[in-house]
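# Residue-level structural notes
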Amino acid sequence: MKYLRQILLLACIITALAVAAEQPDPVISSIRDAYQKAKESMKKNKGMGNEMVTTLNYTVRGQGKSNETLHFYYNTVEGTYWLAEGDDRDPHFFYYPLYFVTRTYNIGKKKYYEEFLYDPSSQNLLFALTQDYDENGKRFDRRFYFHDRSIYHVIGPEPTPFMVDNVIYQANELRLAFDWILRNPKE
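Residues numbered from 1 in each chain as written. Predicted model: local features only at pLDDT ≥ 70, side-chain atom pairs only at ≥ 80, totals over all residues. Heavy atoms only, no water.

A few words now on unusual backbone geometry. Backbone geometry places Asp 148, a non-glycine residue, at a positive phi of 50 degrees. Inspection of the secondary structure assignment puts Asp 148 in the loop between strand 8 (139–147) and strand 9 (150–155). Given a relative accessible area of 65%, Asp 148 falls into the exposed group. Located in the positive-phi region is Arg 149, a residue other than glycine, with phi close to 65 degrees. Checked against the element boundaries, Arg 149 lands in the loop between strand 8 and strand 9. (Helix = DSSP H or I, 4+ residues; strand = E, 2+ residues; numbered from the N terminus. Buried < 20%, exposed > 50% of the residue type's maximum accessible area, 1.4 Å probe, protein only.)

Okay, structure coming up:
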């Protein structure tokens with residue numbers, strides 16, 4: 001009888017651990033949900049004017065010509081400025097919260113693809129997908145999950161701190177470039 005209790009207790013512990021292991025991480029689940037919503041919105045709004053495409057052609061020293069295509073996906077939100085006395089700005093404006101960017105480019109003969117998912121309300125980076133090549137020339141994906149403005153989880157080969165900083169830097173620069181292009185359309 002004593003052994004039966006120990007076996008039942010052990011079975012309960014193993015079952016509890018198995019159930020706990022199957023529970024998805026709530027932060028990653030919420031980011032994946034936001035990613036799915038962004039992809040659905042991109043598909044639904046295709047051709048509706050909430051996408052901006054920019055193509056860049058340049059030369060990389062020692063690698064040759066490079067072509068880069070950026071797709072910015074955003075929402076349009078109408079709002080109102082709080083006007084101070086004597087303020088001559090229009091009290092109505094449109095705000096364009098960025099929610100997704102794709103970047104396709106080549107360096108020499110190697111082709112790269114990246115995705116950046118932003119929180120539409122805070123504009124914080126939530127997710128980034130990068131493609132790179134290993135030492136044998138085989139392409140691989142690395143998925144970065146962000147929470148509270150810092151790295152939360154990475155799927156793929158372990159990145160160096162420099163790689164993480166570089167992904168964050170690129171995401172911020174793309175967001176700033178998007179804002180600059182929208183506010184300076186004639187330049």
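There is more to say, and it comes next.
To continue, consider the sheet that holds strand 9. With antiparallel pairing, the 7 strands of this open sheet are ordered in space as 1-2-5-6-7-8-9. Each edge of the sheet is formed by a strand with only one pairing partner; in this case those strands are strand 1 (51–60) and strand 9. Each strand of the sheet is rotated relative to its neighbour by a mean of 15 degrees, with strand direction disregarded. Each of strand 2 (64–74), strand 5 (98–107), strand 6 (110–118), strand 7 (125–133), strand 8 and strand 9 touches helix 2 (residues 26–44); the most contacted strand, strand 5, lies at about 80 degrees to it. In the packing of helix 3 (residues 161–183) onto the sheet, the strands contacted are strand 1, strand 2, strand 5, strand 6, strand 7, strand 8 and strand 9, and the crossing angle to strand 6 comes to about 75 degrees. (Pairing = 2+ DSSP bridges. Axes fitted to C-alpha atoms, helices over the stretch in contact; angles between N-to-C directions. Contact = heavy atoms within 4.5 Å.)

Further remarks concern the packing of aromatic side chains. What describes a pair of aromatic rings is the distance from one ring centre to the other and the angle between the planes of the rings. Counted according to the given criterion, the structure contains 9 aromatic pairs. Between Tyr 35 and Phe 127 the ring centres are 5.3 Å apart and the planes differ by 70 degrees, which places this aromatic pair in the edge-to-face class. Of this pair, Tyr 35 sits in helix 2 while Phe 127 sits in strand 7; the two residues are 92 residues apart in sequence, bridging distant segments of the chain. Chaining the aromatic ring pairs together yields one cluster made of Tyr 35, Tyr 73, Phe 100, Phe 127 and Tyr 145. If you follow Arg 103 out to its NZ or CZ, it ends over the ring of Tyr 105, 4.2 Å from the centre. (Phe/Tyr/Trp six-rings, centres within 6.5 Å; stacked < 30°, edge-to-face > 60°. Lys NZ or Arg CZ within 6 Å of the ring centre and 35° of its normal.)

A word on the nonpolar core. Core analysis: the biggest nonpolar cluster contains 18 residues, and Phe 72, Val 101, Phe 116, Tyr 118, Phe 144 and Leu 174 have the highest contact counts within it. Those elements that provide at least two residues to this core are strand 2, strand 5, strand 6, strand 7, strand 8 and helix 3. Take this core: its biggest share by element is 5 residues, from helix 3. In contact with Phe 116, other than residues within four places in its own chain, are Tyr 99, Phe 100, Val 101, Leu 125, Phe 127, Ala 128, Val 167, Gln 170, Ala 171 and Leu 174. Val 27, Leu 117, Leu 126 and Leu 129 belong to the second-largest nonpolar core, a separate cluster that totals 13 residues. (Core = buried A, V, L, I, M, F, W, Y, C linked by side-chain atoms within 4.5 Å.)

Sheet analysis places strand 1 next to strand 2, joined by 10 bridges and oriented antiparallel. Residue pairing in the sheet places Val 60 in a bridge with Gly 64 of strand 2. With antiparallel pairing between neighbouring strands as the criterion, strand 1 and strand 2 make up a hairpin whose turn holds 3 residues, including Gly 62 at a positive phi of roughly 80 degrees.

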